[in-house]
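Results of the structural survey
This is what each chain is made of:
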There are 2 protein chains.
Amino acid sequence: MSTIHRLSDMEHGELRWQHVALRAYGPDNSGAERATRQILIGTNEHSSHFHMRYFAVQPGGHTSLDQHPHDHGVYVLHGRARLRLGDEEHELGYGDVVYISGTEVHQFFTLGDEPFGFLCVVPANR
Amino acid sequence: MSTIHRLSDMEHGELRWQHVALRAYGPDNSGAERATRQILIGTNEHSSHFHMRYFAVQPGGHTSLDQHPHDHGVYVLHGRARLRLGDEEHELGYGDVVYISGTEVHQFFTLGDEPFGFLCVVPANR
């Protein structure tokens, strides 16, 4: 069944949608700033090929250092970040698109005073 | 291999990325206004599970009336549209998310004076 999730408002500089659960995303309880995750398209929507999630990482925060077999499609919606991608580092801002292939090491660090927010597409089966 | 596509600028109210080909999207040559398509993550990026595209439809324009087995994940980046989705109609704006399940009839009509732009995620094999 098709589904629409409407953007409702901003909270702490992060996007919020109607009827979408706000989840804590805590890759590092020993010091990472608060980060959140919202599943915009997932198992609730019966999406069997891909899922779309929104992550927001507050200033000073970062995502976990990840390496896994599945790939990511990232679209930056707000803020800036430094991306560790394999052996390289890149600075990202609004509208930048990153394809992170499977097994590539990756980690996002928020830069500046605004939360970093991005869409992250993954295979449904991972 | 991982890839970054950087947002470069706006043109005719549409987003443009470095090193991403601009393609015409012409569902209806008999009167639809100009629409464009850019493949942000696709076969060039060796993405084997999902593809991410950006579509922009100028004021007065629309996408084709589509019905196909594969599903869509849509994220609205700018502008407004009326969406025909099955037997229903919905108005969409910035940040709204639509999951269009397979076989659902769908068509977007740009509303207002600004181009309507959205991300559209699809299965790589379709």
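The present account deals with the structure reproduced in this document. A quick note: this is a predicted structure, and the numbers were derived from the prediction, not measured. (Residues numbered from 1 in each chain as written. Chains lettered and ligands numbered in written order. Predicted model: local features only at pLDDT ≥ 70, side-chain atom pairs only at ≥ 80, totals over all residues. Heavy atoms only, no water.)

1. As for the overall build of chain A
When you go through chain A residue by residue, the secondary structure sums to zero helices and twelve strands. Its C-alpha atoms give chain A a radius of gyration of 14 Å, near enough to 14 Å, the size a compact globule of 126 residues would have. Principal-axis analysis of the C-alpha atoms places the extent of chain A at approximately 40 × 35 × 30 Å. Counting all 126 residues of chain A, 56% fall into the buried class. (Helix = DSSP H or I, 4+ residues; strand = E, 2+ residues; numbered from the N terminus. Rg over C-alpha atoms; globule rule 2.2 N^0.38 Å. Buried < 20%, exposed > 50% of the residue type's maximum accessible area, 1.4 Å probe, protein only.)

2. A look at the relation of the copies chain B and chain A
Rotating chain B by 180° about the axis while translating it 0.0 Å along that axis superimposes it on chain A, leaving an RMSD of 0.0 Å. Both chain copies can therefore be described as sitting about a two-fold axis. Taking C-alpha positions as the reference, the residue of chain B nearest the rotation axis is F50 of chain B, at 3.3 Å. Interface overlap between copies is the fraction of interface residues in one copy that are interface residues in the other; for chain B against chain A it reaches 100%, indicating a shared surface. (Least-squares fit on C-alpha atoms with pLDDT ≥ 70 in both. Contact = heavy atoms within 4.5 Å.)

3. Looking at the interface of chain B and chain A
Each partner contributes residues to the interface: chain B has 42 residues there, and chain A has 42 residues. In total, about 3,300 Å² of surface goes out of reach between chain B and chain A, with carbon and sulfur atoms giving 63% of it. Looking at the side of chain B facing chain A, the largest losses of area belong to F50, V97 and Y99 of chain B, adding up to 21% of the total buried there. Counting across the chain B and chain A interface gives two salt bridges. With a closest N to O distance of 3.1 Å, D96 of chain A and R6 of chain B form a salt bridge. The tally of links between chain B and chain A comes to 18 residue pairs in polar contact (both at pLDDT 80 or more). By residue number, the principal contributor to the side of chain B that touches chain A is strand β7 (residues 72–78) of chain B, which donates five residues. In the side of chain B that touches chain A, the residues fall into 24 nonpolar, twelve polar and six charged. Relative to strand β1 (residues 3–5) of chain B, strand β10 (residues 97–100) of chain A runs antiparallel, the two being bridged by three bridges. Residue pairing for β1 of chain B: V98 of chain A is matched across the bridge by I4 of chain B. (Buried area = accessible area lost by both parts, 1.4 Å probe. Salt bridge = Lys/Arg side-chain N within 4 Å of Asp/Glu carboxyl O. Polar contact = N/O pair within 3.5 Å; in protein donor to acceptor, adjacent residues only side chain to side chain. Nonpolar A, V, L, I, M, F, W, Y, C, P; charged D, E, K, R; others polar. Pairing = 2+ DSSP bridges.)

4. Quick notes on the environment of I41 of chain B
Its place among the elements puts I41 of chain B in strand β5 (residues 35–41). Of the residues examined, I41 of chain B reaches a relative accessible area of 0% and is grouped as buried. Along the sequence, I41 of chain B and G26 of chain B sit 15 residues apart, while their C-alpha atoms lie 21 Å from each other. In this view, I41 of chain B contacts G73, V74, V97, V98 and Y99 of chain A together with S47, F50, H51 and M52 of chain B; residues no more than four positions away in its chain are not counted.

5. Comments concerning the pairing of strand β8 (residues 80–85) of chain A
Residue and element names in this part refer to chain A. Side chains A81, L83 and L85 of β8 all project onto a buried face; the interleaved residues R80, R82 and R84 project onto a face where none is buried. When β8 meets strand β11 (residues 106–111), the two strands line up antiparallel, connected through six bridges. Each bridged residue has a counterpart across the sheet, and for L83 the counterpart in β11 is F108. Direction of pairing for β8 relative to strand β9 (residues 88–92): antiparallel, over a ladder of five bridges. In the sheet register, R82 faces β9, and the bridge partner there is E91. Hairpin connection between β8 and β9: a loop of two residues separates the two successive antiparallel strands, and G86 in this loop has a positive phi of roughly 60°.

6. Regarding the environment of A124 of chain B
Residue and element names in this part refer to chain B. Checked against the element boundaries, A124 lands in the segment after β12 (116–123). Under the relative-accessibility criterion, A124 is labelled buried at 17%. Taking the C-alpha atoms as reference points, A124 and H70, 54 residues apart in sequence, are found 9.8 Å from one another. Once you skip the residues sitting within four places of it in the chain, A124 turns out to touch S47, S48, H49, F50 and H51.

7. Things to note about the sheet that holds β9 of chain A
All names here are of chain A. The sheet built from three strands is open, its strands ordered β9-β8-β11 with antiparallel pairing. What marks the edges here is a single partner per strand, and that holds for β9 and β11. Averaged over all adjacent pairs, the angle separating strand axes in this sheet is 20°, with direction ignored. (Axes fitted to C-alpha atoms, helices over the stretch in contact; angles between N-to-C directions.)

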